[in-house]
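Given next are the chains, with one letter for each unit.
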Amino acid sequence: MQLIHHSHQPWRQAIPYVLWVALAVVVYVFFPDQLPLGARIACMAIFVMSLDLVVGYAGLATLGHCAMYGAGAYAAGLWATHVSGDPLVGLLVGAVAGALVAALSGLFLLRFQGLTFLMLTIAVSQILENLASKMRHWTGGDDGLSGFSMGKVLGLASFDLSGRVAFVYAVVVMLLSLWLMRRIMGSPFGLACVGIHENRLRMAALGSSVTAHLQRIYIVAGFFAGVAGALSAQINQIVGLDTLGFDLSAEALVMLVLGGAGHLHGAIAGTLVFMGIHHVASAINPYHWLFIIGALLVAVVLLPRERWSLAWRARLASLGAARVHPSRGVP
Amino acid sequence: MNPSPVLDIRGLCKSFGGLHVTRNVSMQLNAGERVGLIGPNGAGKTTLINLITGVLAPNTGSVWMLGQDISHLPQDQRVRLGLARTFQITQLAPRLPIGLQVELAIHQRLGSVHHMWAAVSSFTPVREEALHILHTLGLADLAQQAPVSLAYGQQRLVEMAIAMALQPQVLLLDEPMAGVPTAERQVVLQALDTLPKDLAILMIEHDMDLVFSFAHRMVVLAEGEVLAQGAPAFIRQHAAVRTAYLGEVG
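Conventions and cut-offs
Residues numbered from 1 in each chain as written. Chains lettered and ligands numbered in written order. Predicted model: local features only at pLDDT ≥ 70, side-chain atom pairs only at ≥ 80, totals over all residues. Helix = DSSP H or I, 4+ residues; strand = E, 2+ residues; numbered from the N terminus. Rg over C-alpha atoms; globule rule 2.2 N^0.38 Å. Buried ≥ 20, exposed ≤ 12 C-beta atoms within 10 Å, placed from the backbone. Pairing = 2+ DSSP bridges. Axes fitted to C-alpha atoms, helices over the stretch in contact; angles between N-to-C directions. Contact = placed C-beta atoms within 7 Å. Core = buried A, V, L, I, M, F, W, Y, C linked by C-beta atoms within 7 Å. Nonpolar A, V, L, I, M, F, W, Y, C, P; charged D, E, K, R; others polar. pLDDT = per-residue confidence, 0-100.

Counting its secondary structure elements, chain B contains 9 helices and 10 strands. The C-alpha atoms of chain B give a radius of gyration of 19 Å, which matches the 18 Å a tight globule of 250 residues would have. Principal axes of the C-alpha set define a box for chain B whose edges measure 60 × 40 × 40 Å. Looking at the 250 residues of chain B, the share that counts as buried comes to 48%.

Another aspect to go through is the sheet that holds strand β7 (residues 170-174) of chain B. All names here are of chain B. Sheet architecture is open: 6 strands sit in the order β6-β7-β8-β3-β9-β10, paired in mixed fashion. For this open sheet the edge positions go to β6 (83-85) and β10 (225-230), each flanked by a neighbour on one side alone. Taking the axes of each pair of neighbouring strands and ignoring which way they run, one obtains an average angle of 20 degrees across the sheet. Sheet topology places β6 next to β7; 3 bridges connect them, and they run parallel. The partner of Arg-85 across the bridge, within β7, is Leu-172. Sheet strands in contact with helix α1 (residues 45-53) are β3 (34-38), β6, β7, β8 (200-204) and β9 (217-222), and its direction is about 150 degrees off that of β7.

Residues and elements named next belong to chain A. Considering the arrangement of structural elements, one finds Val-220 in helix α10 (residues 210-236). Note on Val-220: 24 C-beta atoms within 10 Å, which makes it buried. Contacts of Val-220, omitting those with residues within four sequence positions, involve Leu-53 and Ile-184.

One finds Ile-46 and Ala-170 of chain A together with Ala-161 of chain B to be the most contacted residues of the largest nonpolar core, which totals 169 residues. Counting residues per element, this core draws most heavily on helix α2 (residues 35-57) of chain A, which supplies 16 residues. Residues in contact with Ile-46 of chain A, not counting those within four places in the same chain, are Val-173, Met-174, Ser-177, Phe-224, Val-227, Ala-228 and Leu-231 of chain A.

This part is about the interface of chain A and chain B. At the junction of the two partners, chain A supplies 26 residues and chain B supplies 31 residues. Mapped onto the side of chain A that touches chain B, the elements with two or more residues apiece are α7 (164-185), α8 (188-198) and α9 (200-205) of chain A. Per-element accounting of the side of chain A that touches chain B gives the leading share, 7 residues, to α8 of chain A. Residue classes in the side of chain A that touches chain B are distributed as 12 nonpolar, 11 polar and 3 charged.

Take the sheet that holds strand β4 (residues 60-65) of chain B next. Across a sheet, paired strands are connected by hydrogen bonds in the backbone, their directions being either parallel or antiparallel. Residue and element names in this part refer to chain B. Here we have 4 strands laid out as an open sheet, ordered β2-β1-β4-β5, and antiparallel in their pairing. Each edge of the sheet is formed by a strand with only one pairing partner; in this case those strands are β2 (19-29) and β5 (68-69). As paired elements, strand β1 (residues 7-16) and β2 share 7 bridges and run antiparallel to each other. Looking at the pairing, Leu-12 lines up with Val-25 of β2. Along the sheet, α1 makes contact with β1, β2 and β4, crossing β2 at roughly 65 degrees.

So, about the confidence of the model for chain B. Averaged over all residues, the pLDDT of chain B is 90; the fraction at 70 or higher stands at 96%. For chain B, helix α9 (residues 239-244) of chain B is the element with the lowest average pLDDT, namely 81, and helix α3 (residues 98-110) of chain B is the one with the highest, namely 96.

Structure follows, in structure tokens:
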């Protein structure tokens, strides 16, 4: 995983943000018909980053992260239906719903580790999915929750059919979430999460209450998963049962592995690659596009990140384009 | 009159099913005292450490620290009261630079480990303290290195650095020389000398020369119970110890 250092060279920290903004500008200007896809990618990237907090940083393997995403999506949808269509308030409502689900389920889940934890996370999301299915009156059941409309973002811009406002809104929320998550993981709290991932026994011997610490990061991750769910509800203006489905959690995990667990920028890159391939390859061959994802996964898993990194640095060094400092970064 | 002990172990018993691993063990540690805990393999030494630190719960008996019964406190609260340990097999975060591991221990001690907003690098006094501790143990140049790239003896020193960062009242050293190559033993010995003089230390060690020269007082465990305790010279001459542990007959 990547340790997040702040301070010494802030401009270096800013480079990836500039690249993401540049990419967003390119999409906005040159691919206007792909803006809805771009908004969905930004939304999913927030979800994958939140998963990264749990899997990549805290070392908790989960396949039930969609529970928080779905809770955020339904909460934002219900809020827009019954209370207010203000997007930012809706985001906050979704985030709180995600954090609440994480807090309540974490109290039970985090008593367990490994495979038991993994299976129980699936169970929690399945229970919520079934609850959402049964509560048709509120959630629309299999038909999904729809019929709500969103107000103007900051009272200025309405969601339009071309998806321009939704795209910009989603990208801004994604970048803000990225900044917040990196800020949190670069703190002593984040460092302790990495410590727990690396060696629980050592952290307990340091006086860390490991379960309580994991509970906090689980809530933080739930908060951001809730943001992602709420954002999805707002830009799609429909919430389906698939927001609580196992497939979503599994796909998010694949995206995370593709981009590199423990690297928040990698989570965005993995989402971009997965959804980009999905979009292009499934149009060419809707039945077999997963072969490409499978091949990529095999490549990523079989070729260790260090080897990629070393090869890339050696290449850069040979081109004279970079000076590689041995103390920079940790695999 | 003896000063009140910083650590007071009273009649600890622990059994796993029918196996009695610790039998009515009582001992005390005073401030600044160095106590050696020896005994043959399977005598229950590491189990005793685990009982003291709260990793295991005793069946009967109690552990008191600074006049407070800590028997029912979880491990993290015992550490916060000033109880630190090292492990028989080093337990470090393998890929985390050792400087950050020491900083993490300091954050844990200060309670700043819960800060979610300020960057780790903004805690300058913490970084300076960590570097000072590493410098004391001759590890300052390796602060950016992860344990996986260090020699085993150096990893032992990192464990000690982390323990020092916690500023404990009592330090439990579980075989600090285990697995350390001969060439690196001197470094660990020098590190032991740098430990604060007012720190109470309980050291488990199989290296008799080391433990007899280090300890002010020895406790001998055999089959889970205290066979003898006293000054090193007394233990050397103790007939039961020589028979049961040192393997001498007659």
